[in-house]
Amino acid sequence: MSARPRTIADGWVAPELRQEFPGLALRYVVVERGSGRSSRELKQRLRLLSDRFTGGEAIHLRHRPIPWAYRVFFRHIGLDPDRTRTPVEQLALERMQHGGFRSRSVLDDALTIAIVESGVAIRAFDADRIEGGLGIRGSAPGESLEGRPGELPPGTLVVVDEVRPVALLFAAIASGRGVRRRTRRTILAAIQVEGVPEIAVEEALWLCIEAMGA
C-alpha cells in the first residue's frame, strides 16, 4: 500500500458558486503514472468488490449520506439523478447489468474501487495536458468543450485549468485532456459537495492512488 506523503491540492471555486452552493469544492492530487492493463491482483480486488456489492446494496445505496448528498446537488443544478445518475449510482447500475464490475484498465478499475467504496465522485486527467491548477466555474459566453460540438450554454458548471474548460463537472472530459495510452502523469480530482465530509474525499483519493499502485 502506498504511503501518504503526497500533497492534496485545493482547487478554486468561483465566488458566486461558493455562495450558491456551500460545500462545493475540488481537491486533486498528481500521480506519477498513467493507466495500462490491470494486474491479476487488481482484477481480483474488483471481483471481490462485485461479490460484496449485492443487489440489496445497490437498492439502498442512494439513501446513504454521501450518495444522497450528490443526488441533492444534482437536483440543485437542474439534473434529475434518476435520469442522469451520480457516479456511484452509475457504477452500481453497471454492476447489476453485467453481474459484476468489469475490468477495463488500471485507472478505470481504480476509479471504480474508490468511487464504490467511498461514494465520492472522482475525475481523472492527463497531468501533462493541464495548464496550471484546476478550478470550478460557470462557462463564459462563447466557450466550448474541445471535442464537443457547439458552444456551452453560459453558466454551465465546468472544471477548468488556467486556460480553458477541461470537463463538464460530472460529465464529458474535453478531447485530449483525459488519460490516454501515452499518459505518464495523472491528476485525480475529487468533487466535493455539501454533505460530503472532507475525510471521505481524502480517503477516496488515497484509495484510488493505492489501487493504481502509485
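First, a word on scope: everything that follows refers to the structure included in this document. (Residues numbered from 1 in each chain as written. Predicted model: local features only at pLDDT ≥ 70, side-chain atom pairs only at ≥ 80, totals over all residues. Heavy atoms only, no water.)

Description of the overall build of the protein chain
And step 1. Scanning the protein chain from terminus to terminus reveals 7 helices and 8 strands.
And step 2. On C-alpha atoms alone, the protein chain measures out to a radius of gyration of 17 Å, which is about the 17 Å that the 2.2 N^0.38 rule sets for 214 residues.
And step 3. Reported as C-alpha extents along the three principal axes, the dimensions of the protein chain are approximately 45 × 35 × 35 Å.
And step 4. For the protein chain, contacts bridging at least 24 residues in sequence account for 70% of all contacts bridging at least 6.
And step 5. Side-chain charges of the protein chain comprise 31 positive and 27 negative groups, with the mean position of each set lying 7 Å from the other. (Helix = DSSP H or I, 4+ residues; strand = E, 2+ residues; numbered from the N terminus. Rg over C-alpha atoms; globule rule 2.2 N^0.38 Å. Contact = heavy atoms within 4.5 Å. Lys, Arg positive; Asp, Glu negative; His and termini not counted. Charge placed at Lys NZ, Arg CZ, Asp CG, Glu CD.)

Observations concerning the pattern of salt bridges
And step 1. Under the definition given, this model contains 17 salt bridges.
And step 2. With its nearest N and O atoms 3.6 Å apart, the salt bridge here joins E198 to R27. With a gap of 171 residues between them, E198 in helix α7 (residues 198-212) and R27 in strand β3 (residues 25-31) connect regions that are remote in the sequence.
And step 3. Judged by relative accessible area, E198 falls into the partly exposed class, the value being 46%.
And step 4. Looking at R27, the relative accessible area reads 10%, which means it is buried.
And step 5. Residue R71 pairs with E89 through a salt bridge whose shortest N-O separation is 3.0 Å. Of this pair, R71 sits in helix α4 (residues 65-76) while E89 sits in helix α5 (residues 87-98), and the two are 18 residues apart along the sequence.
And step 6. Connected through salt bridges with shared partners, the residues R62, R71, R75, D80, D82 and E89 form a single ionic network. (Salt bridge = Lys/Arg side-chain N within 4 Å of Asp/Glu carboxyl O. Buried < 20%, exposed > 50% of the residue type's maximum accessible area, 1.4 Å probe, protein only.)

Remarks on α5
And step 1. Helix length check: α5 (12 residues) gives 17 Å between terminal C-alpha atoms against 16 Å at 1.5 Å per residue, within 8%.
And step 2. Taken together, the buried positions of α5 are V88, E89, L91, A92 and R95. Along the axis of α5, the buried residues cluster in a sector spanning 160°; they form a single face.
And step 3. Buried-residue contacts for α5 involve α2 (40-52), α3 (55-61), α4 and α6 (106-118).
And step 4. Count one or two residues on from α5 and you reach G99, which has phi positive near 80°. (Expected span 1.5 Å × (residues − 1). Arc of directions from axis to C-beta.)

Overview of the sheet that holds strand β8 (residues 186-192)
Picture the strands of a sheet paired through backbone hydrogen bonds; they go either parallel or antiparallel.
And step 1. What the 4 strands build is an open sheet, ordered β1-β3-β8-β4; its pairing is antiparallel. Strands with a single pairing partner mark the edges of an open sheet, and in this sheet they are β1 (9-10) and β4 (121-126).
And step 2. Where β3 lies against β8, 7 bridges are found, and the strand directions are antiparallel. Bridge pairing links L26 to I191 in β8.
And step 3. Relative to β4, α6 is tilted by about 160°, and along the sheet it contacts β4 and β8. (Pairing = 2+ DSSP bridges. Axes fitted to C-alpha atoms, helices over the stretch in contact; angles between N-to-C directions.)

A short note on the packing of aromatic side chains
Here the distance between the centres and the angle between the planes together describe a pair of aromatic rings.
And step 1. What the rule picks out here adds up to 5 aromatic pairs.
And step 2. An angle of 65° between the planes, with centres 5.2 Å apart, marks the rings of F21 and F73 as edge-to-face. Remark: F73 occurs in helix α4 and F21 occurs in the loop between α1 (15-20) and β3; sequence separation between them is 52 residues. Of the two residues, F21 and F73, neither departs from the other in class, the shared state being buried.
And step 3. Both rings, one in F74 and one in F170, keep their centres 4.9 Å apart while their planes meet at 55°; by these two values the pair is tilted. (Phe/Tyr/Trp six-rings, centres within 6.5 Å; stacked < 30°, edge-to-face > 60°.)

A short note on the sheet that holds strand β2 (residues 12-13)
And step 1. The mixed open sheet is built from 4 strands, whose spatial order is β2-β5-β6-β7. Whereas interior strands pair on both sides, the edge strands pair on one side only; in this sheet they are β2 and β7 (165-168).
And step 2. Here strand β5 (residues 135-138) pairs with strand β6 (residues 157-160) via 4 bridges, running antiparallel. Its bridge partner lying in β6, G138 is registered against L157.

A closer look at the packing of α5 against α6
And step 1. Interhelical geometry of α5 versus α6 gives an angle of 110° and a closest axis separation of 9 Å. It follows from the interaxial angle that α5 and α6 lie roughly perpendicular. Touching P87, V88 and L91 of α5 are T112, I115 and V116, all from α6.
And step 2. Broken down by class, the residue content of the contact of α5 with α6 amounts to 5 nonpolar, 1 polar and no charged. (Parallel < 35°, antiparallel > 145°, perpendicular 65-115°, else oblique. Nonpolar A, V, L, I, M, F, W, Y, C, P; charged D, E, K, R; others polar.)

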